[in-house]
Amino acid sequence: MPVEVTWWGHATCTVEDSGVRVLTDPLFARRFAHLRRRRGAVPPPGAAVADVVLLSHLHSDHLHVPSLARLAPGTRLIVPRGAVAAVPGLRLVRRLRHLRIAEVAPGDELRVGALTVRAVPARHDGRRLPVGPHRVPALGYVVEGEARTYFAGDTGLFDDMAKAVGPVDVALLPVGGWGPHLGEDHLDATRAAEALTLLEPYSAVPVHYGTYWPIGLDGVRPHEFHAPGEEFVRHAARLAPKVAVHLLGHGERVRPEVGR
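In this report, the structure presented in the accompanying data block is examined.

## Quick look at the sheet that holds strand 7 (residues 76-80)
The 7 strands are arranged 8-7-6-3-2-1-17 in an open sheet whose pairing can be described as mixed. Looking along the sheet, the strands with just one partner apiece sit at the ends: strand 8 (100-104) and strand 17 (252-254). Each strand axis lies, on average, 20° off the axis of its neighbour in the sheet, ignoring direction. Pairing analysis gives 5 bridges linking strand 1 (residues 4-9) to strand 2 (residues 12-17), with the strands arranged antiparallel. The residue bridging E4 from the neighbouring strand is E16, located in strand 2.

Structure representation (structure tokens):
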């Protein structure tokens, strides 16, 4: 069966490959901290069903403990090395004790059924808080089965990105964020299209935009919330015209083109 990708909003995706169901950075909240979900319904219970869950870094919109509590007992959870020490909830929340947690660093590989999951570096501040003693690296992941799917998590462009990630068929790339300002440790629509020229995938799916927005900032530069996906499509057509870009709505799925 060809690889299938479902985008649930923000950085939360389901990748189904070789009979294995992979879930990325699950965030199943209508509202948390100063953010609220502005587009799309909260994903249904079925979205939390996975054989393995990949967490890219410790920021609360990517490692959301209440969302992890929705996972079934025995689910494998792959996190950056040092995450368990940095996030007490991973050890103390009763329901999370039933998850099988593995910590990884860039270059580490794990087998999950017929898949190989490889951790790759990311350019992003991976700490749980803006300041704090736990410097846990942010990661991306390459999931290899019938296809090679790159989940970038949150990252900026970095030297040797293509070498670190390796050949990929499908790239799930962040093209925005949850506020009107992005730093160099993020990909906006233009930088994400530049990433395509480095990675040269067959297909790409833009994620991490158009889902959450700070409460009270609805009227501030709203194009920063709505536009990144379509901007990425335009920039990708100009910079990487051979890449098939799939612009999904929340809950939509696609069987992207692959090279095998």
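## Quick word on the pattern of salt bridges
When their charged atoms lie close together, side chains carrying opposite charge are able to pair. Within the structure shown, the criterion is met by 8 salt bridges. With a shortest N-O distance of 3.5 Å, D188 and R191 are connected by a salt bridge. What makes D188 partly exposed here is its relative accessible area of 23%. Under the relative-accessibility criterion, R191 is labelled buried at 14%. Through salt bridges with shared partners, a single ionic network connects E4, R253 and R255.

How each quantity is defined
Residues numbered from 1 in each chain as written. Predicted model: local features only at pLDDT ≥ 70, side-chain atom pairs only at ≥ 80, totals over all residues. Heavy atoms only, no water. Pairing = 2+ DSSP bridges. Helix = DSSP H or I, 4+ residues; strand = E, 2+ residues; numbered from the N terminus. Axes fitted to C-alpha atoms, helices over the stretch in contact; angles between N-to-C directions. Salt bridge = Lys/Arg side-chain N within 4 Å of Asp/Glu carboxyl O. Buried < 20%, exposed > 50% of the residue type's maximum accessible area, 1.4 Å probe, protein only.

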